[in-house]
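Survey of secondary and tertiary structure
So the chains spell out like this:
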Amino acid sequence: MSKHNEYTIKEAIENLLKAFKLNDKLDEKKLIASWEEVMGKMIANHTTDIIIRNKQLIVTLDSSALRNELALAKTKIIKILNEKAGKEVITEVVLR
């Protein structure tokens, strides 16, 4: 077997993710999973749903006061979450 056809398991998985265009979905899932770590327990406790659609993070909160407070920090939230992901995963935040 030639060296050019040998892959590590990591490389093989990365190639599969690219081939099936799953990298973005994986990044989105990781970002959603890190919500509590990045935003803190109090905000996570008031979060009832999080989805990412077309680079838009949609967060549903059970507190209008918290929603208003976070609305003022949308740019910072985008920056922090993208830094956590190591690349641009989201470009907009929608708070409901």
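Residues numbered from 1 in each chain as written. Predicted model: local features only at pLDDT ≥ 70, side-chain atom pairs only at ≥ 80, totals over all residues. Heavy atoms only, no water.

**Describing the sheet that holds strand β2 (residues 56–61)**
- In space, the three strands of this open sheet follow the order β1-β2-β3, with mixed pairing throughout. The open sheet has two free edges, formed respectively by β1 (47–53) and β3 (92–95), since each of these has just one partner strand. Averaged over all adjacent pairs, the angle separating strand axes in this sheet is 15°, with direction ignored.
- Where β2 and β3 come together, four bridges link them in parallel fashion. Its bridge partner lying in β3, Leu57 is registered against Val93. (Pairing = 2+ DSSP bridges. Helix = DSSP H or I, 4+ residues; strand = E, 2+ residues; numbered from the N terminus. Axes fitted to C-alpha atoms, helices over the stretch in contact; angles between N-to-C directions.)

**A word on the side chain of Ser63**
- Summarising the element assignment, Ser63 is placed in the loop between β2 and α5 (64–71).
- The class for Ser63 is buried, based on a relative accessible area of 18%.
- A distance of 3.1 Å separates the side chain of Ser63 from the backbone nitrogen of Leu66, its partner in a polar contact. (Buried < 20%, exposed > 50% of the residue type's maximum accessible area, 1.4 Å probe, protein only. Polar contact = N/O pair within 3.5 Å; in protein donor to acceptor, adjacent residues only side chain to side chain.)

**Things to note about the pairing of β2**
- When β1 meets β2, the two strands line up antiparallel, connected through six bridges. Across the sheet, residue Ile51 finds its bridge partner in β2, namely Ile58.
- Connecting β1 to the antiparallel partner β2 that follows it, the hairpin turn spans two residues, and Asn54 within it adopts a positive phi of roughly 55°.

**Quick look at a nonpolar patch on the surface**
- Taken together, the side chains of Leu16, Phe20 and Leu22 present a nonpolar region at the surface, about 320 Å² in accessible area.
- Topologically, Leu16 is positioned in helix α1 (residues 9–19). (Patch = residues over 30% accessible without salt bridge, like charges linked within 9 Å, V, L, I, M, F, W, Y side chains within 5 Å. Areas by Shrake-Rupley, 256 points an atom, 1.4 Å probe, with all protein chains shown as cover. Salt bridge = Lys/Arg side-chain N within 4 Å of Asp/Glu carboxyl O.)

Don't take any of this as a statement about function, it's just geometry.
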